[in-house]
There are 2 protein chains.
Amino acid sequence: MKVDARIWLKRKEEAYAKLKEDLEIGYLDEDIIDVLEEIFKRDEAFTVSSCSGRIVIVDSQYPWERKDSTVLFKKHQPITLSEIIDIINQPAVSAMWLVVVGPIIHVSTLTLREAFRILKVAREAGFKHSGILSVSRKGITVELRTGIRLAVLLKVKNELVINYEKLEEIIGIANKALILGKVRLKKLLEVLKSSTLKEG
Amino acid sequence: MKVDARIWLKRKEEAYAKLKEDLEIGYLDEDIIDVLEEIFKRDEAFTVSSCSGRIVIVDSQYPWERKDSTVLFKKHQPITLSEIIDIINQPAVSAMWLVVVGPIIHVSTLTLREAFRILKVAREAGFKHSGILSVSRKGITVELRTGIRLAVLLKVKNELVINYEKLEEIIGIANKALILGKVRLKKLLEVLKSSTLKEG
């Protein structure tokens, strides 16, 4: 199993054009742009997809389910009670979860050596759940992921599971978790920059 | 970076002796023994560590933290309200979380080819968050992990965040999540067995 350098390079070029396009539209999270550009600077890597971390309210039996699940709210920045109170006051079809996910970045590399270099950088920055997902002719896919993840059960059907007066506190904890993720992203940028210097 | 076959084989032998020992003591989860043995049967793989999935009550600021965190309760099987009610009635130093973690298995392989074969098997069985963590002379480490993970906030300091009368319902959801993990483990065993047949 070896990566086809021609196919891979073409994908990197396309991904870069897409990145520039997303930047112009303002489609990308500000929090993550520098990290993506730093990865693109590396000869043997580019980013496929990314999320700077988000808070989601989802209606589903379990928070990891995609089928029969509805996203009711999504934001990549801290939230306030007034933003979500109307949603919480609606009955849930199944169960309502407040989910916080830390940053996730999918990187494609040309070589395994580069994949392991990226993994080392990621670990150093606190992206402890990172790993190589797959290898094909198109490239080696590396997932960078922290352990930051909350899934707070808010509601089952139309009944609250939490104390209404504790909502502010729960939101505070969710926001702090989100921010912790953004801090890791900053750390990732730092470690990436110093690793490029060392290798360059 | 290449695995030293001699070192790796020695580690596999030691790990197998340890597995047999753990089996005799009854230290291992019944739910996972067959999977571990199936992996050991493969020429180029063995398991380093494993957990069949568990429910934990932890006192910590965030459920993913290790520092300043205290495990108050741990069980690899479904729980009942009476088992945990005394714990929940205690005040928390920081926050009290009911955490459900799906099965996790760390496999060491001799070759990258085998690592990717194991990854393919894992994906097929619903271990969607699996990946290669590292490569060294000692072996290639592959983590098999599902997306099953709950962290329900129960308490902040000495105040409940959830409605007391909803505890039974929350425990029911946690138990069902745990069992979903065990079902994936059974699926993993099936896929492993049929993949060994195909390769053999």
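Relevant structure appears above.
Description of the structure in this document. What you see is a predicted model, and the numbers here were worked out from it, not measured in a lab.

## Comments concerning the environment of Leu180 of chain B
All names here are of chain B.
Now for step 1: Following the sequence through the fold, Leu180 ends up in helix 5 (residues 167-199).
Now for step 2: Note on Leu180: relative accessible area 30%, which makes it partly exposed.
Now for step 3: Measuring from C-alpha to C-alpha, the distance between Leu180 and Ser195 comes to 22 Å, with 15 residues separating the pair along the chain.

## Examining the packing of helix 1 (residues 5-25) of chain B against helix 2 (residues 30-41) of chain B
Residue and element names in this part refer to chain B.
Now for step 1: One way to put it is that helix 1 packs onto helix 2 with a least axis distance of 12 Å and a crossing angle of 155 degrees. Of the possible angle classes, the one that applies to helix 1 and helix 2 is roughly antiparallel. Crossing handedness for the pair helix 1 and helix 2: left-handed. On the side of helix 1, the interface is formed by Lys12, Ala15, Tyr16, Leu19, Lys20 and Leu23, while helix 2 contributes Ile33, Leu36, Glu37 and Phe40.
Now for step 2: Here the residues of the contact of helix 1 with helix 2 sort into seven nonpolar, no polar and three charged.

## Points about the relation of the copies chain B and chain A
Now for step 1: Overlaying chain B on chain A yields an RMSD of 0.0 Å, the required transformation being a rotation through 180 degrees with an accompanying axial translation of 0.0 Å. Here the transformation between the copies is reduced to the relation of a two-fold axis. Residues of chain B ranked by C-alpha distance from the rotation axis are headed by Ile162 of chain B, positioned 1.9 Å from it.
Now for step 2: Most of the interface of chain B is mirrored in chain A: 97% of its interface residues are interface residues there too.

## Here's the deal with the interface of chain B and chain A
Now for step 1: Taken together, the contact between chain B and chain A spans 39 residues of the former and 38 residues of the latter.
Now for step 2: Here chain B and chain A share an interface that buries about 3,300 Å² over both sides, 65% of which is from carbon and sulfur atoms.
Now for step 3: Its largest share of buried area at the contact with chain A, chain B owes to Tyr62, Trp64 and Phe116 of chain B, together 18% of the area lost on that side.
Now for step 4: At the surface where chain B touches chain A, the tally comes to two salt bridges.
Now for step 5: Between Glu159 of chain B and Lys166 of chain A there is a salt bridge, and its shortest N-O distance comes to 2.9 Å.
Now for step 6: The tally of links from chain B across to chain A stands at 13 residue pairs in polar contact (both at pLDDT 80 or more).
Now for step 7: If you list the elements that add at least two residues to the side of chain B that touches chain A, you get helix 4 (112-124), strand 6 (131-136), strand 8 (149-156), strand 9 (159-160) and helix 5 of chain B.
Now for step 8: Per-element tally for the side of chain B that touches chain A: the top contributor is helix 5 of chain B, with seven residues.
Now for step 9: Within the side of chain B that touches chain A, the residues separate by chemical class into 24 nonpolar, seven polar and eight charged.

## Considerations on the packing of aromatic side chains
All names here are of chain A.
Now for step 1: What the rule picks out here adds up to eight aromatic pairs over all chains.
Now for step 2: On the numbers, 6.1 Å between centres and 35 degrees between planes, the contact of Phe40 with Phe46 is tilted. As far as burial versus exposure is concerned, Phe40 and Phe46 are alike and both buried.
Now for step 3: By way of ring pairs, the aromatic residues Trp8, Tyr16, Phe40 and Phe46 are connected into one cluster.

## Focus on the pattern of salt bridges
Once their charged atoms are close, side chains differing in charge can pair, the charge on each being opposite to the other.
Now for step 1: Under the defined criterion, the tally for this structure stands at 24 salt bridges over all chains.
Now for step 2: Between Glu44 of chain B and Arg117 of chain B there is a salt bridge whose closest N-O contact spans 3.6 Å. A residue pair is termed long-range when its members are at least 10 positions apart, and Glu44 of chain B in the loop between helix 2 and strand 1 (45-51) and Arg117 of chain B in helix 4 qualify at 73 residues.
Now for step 3: Its relative accessible area of 23% is what places Glu44 of chain B among the partly exposed residues.
Now for step 4: For Glu169 of chain B, the salt bridge is made with Lys166 of chain B, and the minimal N-O distance between the two is 3.7 Å.
Now for step 5: A cluster of three or more residues bridged by salt bridges with shared partners is formed by Arg42, Glu44, Glu114 and Arg117 of chain A.

Conventions and cut-offs
Residues numbered from 1 in each chain as written. Chains lettered and ligands numbered in written order. Predicted model: local features only at pLDDT ≥ 70, side-chain atom pairs only at ≥ 80, totals over all residues. Heavy atoms only, no water. Helix = DSSP H or I, 4+ residues; strand = E, 2+ residues; numbered from the N terminus. Buried < 20%, exposed > 50% of the residue type's maximum accessible area, 1.4 Å probe, protein only. Axes fitted to C-alpha atoms, helices over the stretch in contact; angles between N-to-C directions. Parallel < 35°, antiparallel > 145°, perpendicular 65-115°, else oblique. Left-handed = near helix turned anticlockwise from the far one by under 90°. Contact = heavy atoms within 4.5 Å. Nonpolar A, V, L, I, M, F, W, Y, C, P; charged D, E, K, R; others polar. Least-squares fit on C-alpha atoms with pLDDT ≥ 70 in both. Buried area = accessible area lost by both parts, 1.4 Å probe. Salt bridge = Lys/Arg side-chain N within 4 Å of Asp/Glu carboxyl O. Polar contact = N/O pair within 3.5 Å; in protein donor to acceptor, adjacent residues only side chain to side chain. Phe/Tyr/Trp six-rings, centres within 6.5 Å; stacked < 30°, edge-to-face > 60°.

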